[in-house]
Amino acid sequence: MWSRMLCGLLLMAAVSGAETLEEAVDGYLRAAEGTSKPWKITGNLGLTVTDGNSDTLTVTAGAEGVKEWDPWKLILKISAIYAESNSVETANEQIFKERLERALTERSWLFQEFMLEHDEQEALSYRIQFTLGYKRQLVKREKFNLFAEAGGGVLYEKFRTTTETEGIAQFGINFDWQITDQLLFTQSITIYPSLSEGGEYRFISESVFTTPIGEKLDLRFAIVDKFDSDPPAGVQENDLQITLAIVIRFTGEE
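These numbers were taken from a predicted model, which means no experiment stands behind them.

K.L.:
In this structure, what is going on with the side chain of glutamine 170? I would like to understand it.
P.N.:
Note that glutamine 170 resides in strand E8 (residues 163-180). On the basis of relative accessible area, glutamine 170 is assigned to the buried category, the value being 1%. A polar contact of 2.6 Å, which involves the side chain of glutamine 170, links it to the side chain of threonine 131. With near-sequence residues (within four places) excluded, glutamine 170 lies in contact with Arg99, Phe111, Glu113, Thr131, Glu149, Ala150, Gly151, Gly152, Thr190, Ile191, Tyr192 and Pro193.

Printed below as a string of structure tokens:
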């Protein structure tokens, strides 16, 4: 049942605003023919090492690619974090995220999102999440933009001892604020209430400060807070990550 519903919703998202399916496909073909904007790609790497009273190691790495061709936008993102303290592993997580948006108007979009996650400390073998929804820009200013979105989809989780498949809703709000010419602050908050188990939900908050330190280099400070109201036995509900990383920027034309 879920697969038939998702196929129908995905098709609606693909052709919404287009007179025919061929028109939607033509958008992808125009990108292949070179009429789209070049890829915008960033990569980041962070490393923290302490030695002495405590031996710690924290490594963070990630990359993001953004491709735009009217009226579409594709975002691919991958991130990883590994940490240990006194030779004991304290963090080991990898996340892949894909998001496709189709503009309906200058300030509204349909979106499709896919996420694959693995987290050793959460006893999570993998989490697969697929959602569809609607995004709207609520505020548009020179230095401040505010967006809200709502949707739903399917979540599949495989922990070491249990598996679960359920329907979920998705509600989010995010903004970007150019505080000064040299400091950008972005904030995203997303909640995923369960449609199968009343009162259960997951929550993700990401706060990021970015400042340039070179022609194509940025310094990024990020705080990511993840909350699961019903984690497996022995796993904490809240997971907080604080990272400092160097980011390199380049485009497909370079």
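So much for the structure itself; the text now carries on.
K.L.:
How should unusual backbone geometry be read in this particular structure?
P.N.:
Residues other than glycine predominantly adopt negative phi, and peptide bonds predominantly adopt the trans conformation. Omega for the bond connecting aspartate 70 with proline 71 falls within 30 degrees of zero, at 5 degrees, which places this linkage in the cis form. Tracing the backbone through its elements, the reader meets proline 71 in the loop between strand E2 (56-69) and strand E3 (72-85). Of note in the backbone geometry, asparagine 86 takes a positive phi value of approximately 50 degrees without being a glycine. Examined against the element boundaries, asparagine 86 turns out to sit in the loop between E3 and strand E4 (88-105). Taking the relative accessible area as the measure of exposure, asparagine 86 reaches 44% and is therefore partly exposed.

K.L.:
Sorry if this is basic, but what is going on with the pairing of E8 here?
P.N.:
Put simply, side chains in a regular strand alternate between the two faces of the sheet. Sheet topology note: the strand E7 (residues 144-159)/E8 ladder contains 15 bridges and is antiparallel. What sits directly across from leucine 146, in E8, is phenylalanine 175. Counting the residues that bridge the hairpin from E7 to E8 gives three residues. Two elements, E8 and strand E9 (residues 183-193), share nine bridges in a ladder whose sense is antiparallel. Opposite asparagine 174, over in E9, you have serine 188 as the bridge partner.

K.L.:
It is not clear to me how the sheet that holds strand E10 (residues 201-212) should be interpreted in this structure. Could you clarify?
P.N.:
Strand pairs in the sheet, formed through backbone hydrogen bonds, run parallel or antiparallel to each other. One closed barrel accounts for twelve strands, arranged E1-E2-E3-E4-E5-E6-E7-E8-E9-E10-E11-E12; its pairing is antiparallel. Averaged over all neighbouring strand pairs, the angle between strand axes comes to 20 degrees, with direction disregarded. Bridge count for strand E6 (residues 124-140) against E7 is 15 bridges, and the pairing is antiparallel. Residue pairing in the sheet places tyrosine 134 in a bridge with alanine 150 of E7.

K.L.:
Before we go on, may I ask you to explain the environment of glutamine 121 in this structure?
P.N.:
Tracing the chain through its elements places glutamine 121 in the loop between strand E5 (108-119) and E6. Sequence-wise, glutamine 121 and glutamate 93 are 28 residues apart; in three dimensions their C-alpha atoms are separated by 7.9 Å. Beyond its immediate stretch of four places on either side in the chain, glutamine 121 contacts Glu89, Thr90, Ala91, Asn92 and Val235. For glutamine 121, the side chain forms a polar contact with the main-chain nitrogen of asparagine 92, separated by 3.0 Å.

Parameters at a glance
Residues numbered from 1 in each chain as written. Predicted model: local features only at pLDDT ≥ 70, side-chain atom pairs only at ≥ 80, totals over all residues. Heavy atoms only, no water. Helix = DSSP H or I, 4+ residues; strand = E, 2+ residues; numbered from the N terminus. Buried < 20%, exposed > 50% of the residue type's maximum accessible area, 1.4 Å probe, protein only. Polar contact = N/O pair within 3.5 Å; in protein donor to acceptor, adjacent residues only side chain to side chain. Contact = heavy atoms within 4.5 Å. Pairing = 2+ DSSP bridges. Axes fitted to C-alpha atoms, helices over the stretch in contact; angles between N-to-C directions.

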